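A structural walkthrough
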Amino acid sequence: MSVTTTTHLNFRGAAREALDFYQSVFGGRTVAVTYKDAGAVQDESEADWVMWGEVAGDNGFHVMAYDVPSQLPWNQGENPFFVSVRGDDAEEISALWGKLAESSTIVRPLEPAQWAPLYGMLTDRFGITWVLDVTAPYNG
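Residues numbered from 1 in each chain as written. Predicted model: local features only at pLDDT ≥ 70, side-chain atom pairs only at ≥ 80, totals over all residues. Heavy atoms only, no water.

If you look the protein chain up in an unreviewed UniProt entry, it shows as VOC family protein from Streptomyces milbemycinicus.

**Overview of the pairing of strand β1 (residues 3-11)**
On any regular strand, side chains alternate: one points to one face of the sheet, the next to the other face. Relative to strand β5 (residues 81-87), β1 is paired through seven bridges, and the arrangement is antiparallel. When the bridges of β5 are listed, Leu 9 appears paired with Phe 81. (Pairing = 2+ DSSP bridges. Helix = DSSP H or I, 4+ residues; strand = E, 2+ residues; numbered from the N terminus.)

**Topic: a nonpolar patch on the surface**
A surface patch of nonpolar side chains, amounting to about 290 Å² of accessible area, comprises Phe 21, Val 25 and Phe 26. For Val 25, the location among the structural elements is in helix α1 (residues 15-26). Classification of Val 25 by relative accessible area gives partly exposed; the value is 47%. (Patch = residues over 30% accessible without salt bridge, like charges linked within 9 Å, V, L, I, M, F, W, Y side chains within 5 Å. Areas by Shrake-Rupley, 256 points an atom, 1.4 Å probe, with all protein chains shown as cover. Salt bridge = Lys/Arg side-chain N within 4 Å of Asp/Glu carboxyl O. Buried < 20%, exposed > 50% of the residue type's maximum accessible area, 1.4 Å probe, protein only.)

**Details of the packing of aromatic side chains**
Summed over the entire model, instances satisfying the criterion amount to four aromatic pairs. Summarising the aromatic geometry, the rings of Trp 115 and Tyr 119 are spaced 5.2 Å apart at their centres and angled 70 degrees between planes, so their arrangement reads as edge-to-face. (Phe/Tyr/Trp six-rings, centres within 6.5 Å; stacked < 30°, edge-to-face > 60°.)

**Examining the UniProt feature "domain: Glyoxalase/fosfomycin resistance/dioxygenase" (unreviewed entry) in the protein chain**
The UniProt record annotates "domain: Glyoxalase/fosfomycin resistance/dioxygenase" (unreviewed entry) at residues 14-131. For residues 14-131, helix accounts for 19% and strand for 39%, while the C-alpha atoms at its two ends are 20 Å apart. (UniProt positions renumbered as here; feature names shortened; annotations may be inferred.)

**A look at the sheet that holds strand β4 (residues 62-67)**
One open sheet holds the eight strands; their spatial order is β2-β3-β4-β1-β5-β8-β7-β6, and the pairing between them is mixed. For this open sheet the edge positions go to β2 (29-34) and β6 (105-113), each flanked by a neighbour on one side alone. Pairs of neighbouring strands in the sheet enclose a mean axial angle of 20 degrees, with direction left out of account. As paired elements, strand β7 (residues 116-123) and strand β8 (residues 129-134) share five bridges and run antiparallel to each other. When the sheet's bridge partners are listed, Met 121 is paired in β8 with Val 131. In the packing of α1 onto the sheet, the strands contacted are β1, β2, β3 (50-56) and β4, and the crossing angle to β3 comes to about 5 degrees. Those strands touched by helix α2 (residues 90-100) are β1, β5, β6, β7 and β8, and its axis lies near 160 degrees from that of β8. (Axes fitted to C-alpha atoms, helices over the stretch in contact; angles between N-to-C directions. Contact = heavy atoms within 4.5 Å.)

**Considerations on the environment of Tyr 66**
By the secondary structure assignment, Tyr 66 is in strand β4. Between the C-alpha atom of Tyr 66 and that of Ala 14, which follows or precedes it by 52 residues, the distance is 8.4 Å. What Tyr 66 contacts, discounting residues up to four positions off in sequence, is His 8, Leu 9, Asn 10, Phe 11, Ala 15, Tyr 35, Val 50, Met 51, Trp 52, Leu 72 and Phe 82.

**A few points about the pattern of salt bridges**
Side chains bearing opposite charge may pair, as long as their charged atoms lie close to each other. Within this structure, the stated rule accounts for three salt bridges. Of the charged contacts, one joins Glu 54 and Arg 29 as a salt bridge, the two residues approaching to 3.1 Å between their closest N and O atoms. With a gap of 25 residues between them, Glu 54 in strand β3 and Arg 29 in strand β2 connect regions that are remote in the sequence. Relative accessible area serves as the criterion here: at 44%, Arg 29 is assigned to the partly exposed category. Asp 133 is the partner of Arg 86 in a salt bridge, and the nearest nitrogen-oxygen pair spans 2.9 Å. One end of the pair, Arg 86, is in strand β5; the other, Asp 133, is in strand β8, with 47 residues separating them in the sequence. In terms of burial, Arg 86 and Asp 133 fall into one category: buried.

**Re the layout of surface pockets**
Of the pockets and cavities examined, the largest pocket occupies roughly 1200 Å³. What lines the largest pocket is a set of 46 residues, and nearest its centre among them are Met 51, Trp 52, Tyr 66, Trp 115 and Tyr 119. Every element with two or more residues in the lining of the largest pocket is listed here: β1, β2, β3, β4, β5, β6, β7 and β8. Examining the composition of the lining of the largest pocket, we find that four residues originate from one element, β3, more than from any other. (1 Å grid on protein atoms, 1.4 Å probe; cavity = no way out; pocket = protein on both sides within 12 Å on 5 of 7 lines; lining within 4 Å. Points joined across faces, edges and corners; volume = space filled by probe spheres on them.)

Structure follows, in structure tokens:
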């Protein structure tokens, strides 16, 4: 069992451009799933925005990014990133969630999602937003 932490960058319509730029700087591979790919379009003008994306390199570089949909609040100066904790063991991720959730505001409960066996988001008592999930292979 192991978990990793990754900086998860938040954009509004610029995630793909940012991921491509970071890939050009650091190398590695880019994966980007749009809201359309995931069947989660709520605003047609945002269908091609990135719902989940990452750049991962053999050199250890890893960053995740997404485009915050317009129905959610977003201020680049206030919430430009999340800390993402990923693991392959649901029991381990659930235990970490239980500890982090104390005195936190639950944004999305830890539960199965269309894109992951478990996914949840919370903001801790220090104002840091955490995303915890159990990894699932991407078949795109």
